[in-house]
Amino acid sequence: MGFVDFVDFEKPDLNKLSRFPIEALPPVLGDYARAISESLQVSEDMATVAVLGVVSLSAMGNFYIEPKTDWVEPLNLYILITARPSERKTPVLKEVSAPVYEYVKEENQRRRPLYDRYLTQKKILENKVSNLISTASKVSKEKKPAASMFDVFDAQQELSNLEEVTLLKLIVDDITPEAMVKVMKENDEKIAMVTAEGGVFGMLAGRYSTQPNMDIFLKAYAGEPYCSDRMGRTGEALDHPLLSLLLMVQPKVLQDALENRDFRERGLMARFLYSLPPSRVGNRVYDSKPIPKELRTAYNQLIKDLLSIGENREWQQENTLIHLSDEAYQISKEFFNEIEQKMAEDYEEIEDWAGKYHGQTMRIAGLLHVVKYRLGAANVILEGQTMKEAIQIGRYFLECAMAAFRLSGIAESQEEKDAKYLMKKIDSFYDEQNPQNPQKLKIRDLHYICKGHFKTKEDMQPGLDMLVERGFIRIIKKQNKKAGRPPEFIEVNPEYWKSKEMIDFS
């Protein structure tokens, strides 16, 4: 029997992915992102998603969206963008996050005198408490303490009532979870991680600790209460921690993270919005147009306005909920029903991610609304058009998520995973052959080569069947004069060798 027609395993073509619907963004964001793309010669997707990430870290904690009664979503996003080493990840992040660092610098210049005064007052009160405790413990000549316990209690109360002043920090990079919790404690329980490195995944995987702490990354996604209480360490408690992540990593980092069983089972990777922008390497120009001053100024002012909302004394903290118009509510409802109907089949392999898909889209809707109305966002109902724009953006992230999970092998059947594994081993066997003395590969020898992966030869059969059905191989039985079952050999389709360079089983 000959080979059937050769059909390669399908692999997402990133160049065929839909582009980010930049027209769905308010002009202050869309125009600026296009200008970054032109100036730095990077994909519009990379620039646009990075801008969205900075808007998220700037608005989180100041506003929340209420899609329906008893359901509230914060506006922080976990964003992961993939790009090769030469894709100018760092310049993009530096550009989009510049107004955040400027705001922090300006705010800390304002806070510095208050901070120094606070530290002095705190030290004086701490010394006062210490001295009172010391004198209250001693007995004078009249056999009475020089200070009473009530004096100590009054001083301790004065210290407790001292209003804490801290210097502002909004962005961290290389930091442990424990240190991040401490920083959040000092910054209204909010922080953002913006980095062009993927070291955070290595840290969470336990590269630097036998007890990696992923809990804060899981709980700060939704603002769940967090409490750390480990042996030998002072515990920290956060009531409503919020974390924004804007990570630009190499594709291999994403693949490794998606393949990490602990990350997947605990839901870490389901919390990310993925962007897989096309590469412009090889097609970039030197004389690119610089970012127009007016576009950068408008964007910078937007980010600073959003960051300053929480510092505005006239702004009421309870006035934070964004409500939907009747039209927006109906559009959101129909979108939810669409997702729900596809969960069992279309989204089966990414069910954990798809389970957060609607909520993620609501967060995006809230961010678009905040960009439009800034300080007054909670006083204006979210329009239907904004919800439509958010859903457009949500569909982009869905397509990218499906491609990311597919590339990592997660969204594959077990038979397909087994078939790819077997073909790797078959390919390796023939690559090591002496061209002058080629030998045919027996099924039993293949099982030996795969020792530890398949318990029995029968376990290999579904994968082998798929390779035969796709025309990668054929299995032939060689008759021999000896009694017993004839041995089975594997022959590789010549078409496979012709297209080998185009096939990637990683």
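All values derive from a computational prediction rather than experimental measurement. (Residues numbered from 1 in each chain as written. Predicted model: local features only at pLDDT ≥ 70, side-chain atom pairs only at ≥ 80, totals over all residues. Heavy atoms only, no water.)

A few points about a negative patch on the surface
In step 1: On the surface, a cluster of negative charge is made up of Glu 345, Asp 346, Glu 348, Glu 349 and Glu 351.
In step 2: By the element assignment, Glu 351 lies in helix H12 (residues 351–354).
In step 3: Its relative accessible area of 47% is what places Glu 351 among the partly exposed residues. (Patch = residues over 30% accessible without salt bridge, like charges linked within 9 Å, V, L, I, M, F, W, Y side chains within 5 Å. Areas by Shrake-Rupley, 256 points an atom, 1.4 Å probe, with all protein chains shown as cover. Salt bridge = Lys/Arg side-chain N within 4 Å of Asp/Glu carboxyl O. Lys, Arg positive; Asp, Glu negative; His and termini not counted. Charge placed at Lys NZ, Arg CZ, Asp CG, Glu CD. Helix = DSSP H or I, 4+ residues; strand = E, 2+ residues; numbered from the N terminus. Buried < 20%, exposed > 50% of the residue type's maximum accessible area, 1.4 Å probe, protein only.)

Regarding the sheet that holds strand S5 (residues 190–195)
In step 1: Pairing within the open sheet is parallel, and its five strands lie in the order S4-S5-S8-S3-S9. With one partner strand each, in any of the chains shown, strand S4 (171–172) and strand S9 (272–275) form the two edges of the open sheet.
In step 2: By the bridge criterion, four bridges tie strand S3 (residues 78–82) to S9 in an arrangement that is parallel. What sits directly across from Ile 81, in S9, is Ser 275.
In step 3: Sitting on the sheet, helix H5 (residues 177–185) is in contact with S4, S5 and strand S8 (242–249), with an inclination near 130° to S5. (Pairing = 2+ DSSP bridges. Contact = heavy atoms within 4.5 Å. Axes fitted to C-alpha atoms, helices over the stretch in contact; angles between N-to-C directions.)

Thoughts on the sheet that holds strand S10 (residues 321–323)
In step 1: The strand order S2-S1-S10 describes an open sheet built from three strands, whose pairing is mixed. In the strand order of this sheet, the two ends are held by strand S2 (71–74) and S10, each with one partner. On average, each strand axis in the sheet is tilted by 35° relative to the strand beside it, whichever way the strands run.
In step 2: Both strand S1 (residues 64–68) and S2 contribute to a ladder of three bridges, which runs antiparallel.

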